[in-house]
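In case you want the letters, here they are:
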Amino acid sequence: MGLIISISNQKGGVGKTTTAINLSASLSVMEKSCLLIDCDPQGNATTGLGYEKREISKGVYHLLFEEVENDEVILETALRGLYLIASDEYLIGAEVEMADIEKREYLLRERVSSLRDRFDYIFIDCPPSLGFLTLNALTAADQVLIPLQCEYYALEGLGQIFQTINAVKKGLNPDLRLAGILLTMYDIRNNLSWQVEEEAKRHFKGLVFDTKIPRNVRLSEAPSYGKPALLYDIRSKGAQSYLALAKEFIKRGGK
């Protein structure tokens, strides 16, 4: 049965979408079947895998609110073994619609449960907020992976996401556990990156991935071409880091 992983942090610009795209892509080339669900109304994971939101006829919104067959919303990507349920233009109004629905936090969980047997990993790219879409992702997930940008204020913001995770565990999903904290935009020349790494490892012993994702131009360029980094430039440090992360992720996850 497949593992569902929510990639979440309420702070924007920390590498959630980059991680969602490139970790799932890296696992797919290791012959793991992966599904990426783009729950962010901005739709960056969708465009990063070669689709435009305006071209999506059925996506996450339809999965949540309409009776659709799974195959109607699952899209193929350029990588065999990697599939996408895209963000669409209607998703921006989803949280308003959820406000009046009973058990609204369980909508995604109910829809995704039937997909577990089809994929080894299901990744959910969350919006940079702690609204209903993020709550749905955390309620549906087995694990949550937290990207942490190597900046001082990013460390301060960890407390809020941990409060949310603990609240979800108490009230909605008691089996949710932390997959790990991933250091992103790491610059070996920058003392602040070293300091953030030391602080994170001191406060969250055993929870910080050994693999660090560097600041890398090729990694930043890849989404504009609608490709994961390993298809854009597999030799780049960014692509190689996510391949290393995929190996560590498999080892930590026990699969």
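From a predicted model like this one, the values you see are computed outputs, not experimental measurements.

Draft legend 1. Structural view of helix H8 (residues 152-171). Along H8, the residues classified as buried are Ala154, Leu155, Gly157, Leu158, Ile161, Phe162, Thr164, Ile165 and Val168. Against the buried residues of H8 lie helix H7 (132-140), strand S6 (143-149), strand S7 (177-186) and helix H9 (191-203).

Draft legend 2. Geometry of the environment of Phe119. Along the polypeptide, Phe119 turns up in the loop between helix H6 (107-112) and strand S5 (121-125). Sequence spacing of Phe119 and Gly2 is 117 residues, and the spatial spacing of their C-alpha atoms is 5.4 Å. Those residues in contact with Phe119, other than ones at most four positions away along the chain, are Gly2, Ser33, Cys34, Leu35, Ile74 and Tyr83.

Draft legend 3. Focus on the sheet that holds strand S8 (residues 208-214). Spatially, the eight strands line up as an open sheet ordered S3-S4-S2-S5-S1-S6-S7-S8, and their pairing is mixed. Edge positions in the sheet fall to strand S3 (74-76) and S8, since each of these pairs with one other strand and no more. Shown here is a sheet whose adjacent strand axes are inclined to one another by a mean of 25°, direction ignored. Of the pairings in the sheet, the one linking strand S1 (residues 3-7) to S5 comprises five bridges and is parallel in character. The residue bridging Ile5 from the neighbouring strand is Phe123, located in S5. Strands in contact with H8 are S6 and S7; relative to S6, the strand with the most contacts, it is inclined by about 165°.

Draft legend 4. Focus on the pattern of salt bridges. All told, the structure shown has 14 salt bridges when counted by the stated rule. Between Glu221 and Arg218 there is a salt bridge, with its nearest N and O atoms 3.1 Å apart. Of this pair, Glu221 and Arg218 both sit in helix H10 (residues 217-221), three residues apart, which is roughly one turn of that helix. Relative accessible area serves as the criterion here: at 26%, Glu221 is assigned to the partly exposed category. Here Arg252 and Glu248 are joined by a salt bridge, their closest N and O atoms 3.2 Å apart. Highlighted residues: Arg252 and Glu248, both in helix H12 (residues 237-253), separated by four residues, approximately one helical turn. When its relative accessible area of 30% is taken as the criterion, Arg252 is described as partly exposed. Each of Arg218, Glu221, Asp233 and Arg235 takes part in one network of salt bridges that share partners.

Draft legend 5. Main features of the nonpolar core. If you look at the biggest cluster of nonpolar residues, it comprises 50 residues, and the most contacted ones within it are Ile37, Ile85, Ile146, Leu148, Leu158 and Ile181. Element by element, the count of residues in this core is highest for H8, at seven residues. Setting aside chain neighbours within four positions, we find Ile181 in contact with Ile146, Leu148, Leu158, Phe162, Phe204, Leu207, Val208 and Phe209. If you look at the next biggest cluster of nonpolar residues, it comprises 36 residues, including Cys34, Ala86, Phe123 and Leu182.

Draft legend 6. Spatial organisation of unusual backbone geometry. With phi around 65°, Glu31 is a residue other than glycine that occupies positive phi space. As for its placement among the helices and strands, Glu31 is situated in the loop between helix H1 (16-29) and strand S2 (34-38). Phi is positive for Met185, which is not a glycine, with a value near 55°. Here Met185 shows up in strand S7. Look at Met185 and you get partly exposed, because its relative accessible area is 21%.

Draft legend 7. How the structure looks around the packing of aromatic side chains. Applying the stated criterion across every chain, the model contains eight aromatic pairs. Judged by centre distance (5.6 Å) and plane angle (35°), the ring pair of Tyr61 and Tyr90 falls under tilted. Of this pair, Tyr61 sits in helix H3 (residues 60-65) while Tyr90 sits in the loop between strand S4 (82-85) and helix H5 (94-98), placing them 29 residues apart in sequence. An angle of 25° between the planes, with centres 5.0 Å apart, marks the rings of Tyr225 and Tyr232 as stacked. Overall, Tyr225 belongs to the exposed group, its relative accessible area being 54%. An aromatic cluster is present here, built from Tyr61, Phe65 and Tyr90 joined pairwise through their rings. Positioned over the ring face of Phe209 is Arg252, at 4.6 Å from the centre of the ring.

Rules and cut-offs
Residues numbered from 1 in each chain as written. Predicted model: local features only at pLDDT ≥ 70, side-chain atom pairs only at ≥ 80, totals over all residues. Heavy atoms only, no water. Buried < 20%, exposed > 50% of the residue type's maximum accessible area, 1.4 Å probe, protein only. Helix = DSSP H or I, 4+ residues; strand = E, 2+ residues; numbered from the N terminus. Contact = heavy atoms within 4.5 Å. Pairing = 2+ DSSP bridges. Axes fitted to C-alpha atoms, helices over the stretch in contact; angles between N-to-C directions. Salt bridge = Lys/Arg side-chain N within 4 Å of Asp/Glu carboxyl O. Core = buried A, V, L, I, M, F, W, Y, C linked by side-chain atoms within 4.5 Å. Phe/Tyr/Trp six-rings, centres within 6.5 Å; stacked < 30°, edge-to-face > 60°. Lys NZ or Arg CZ within 6 Å of the ring centre and 35° of its normal.

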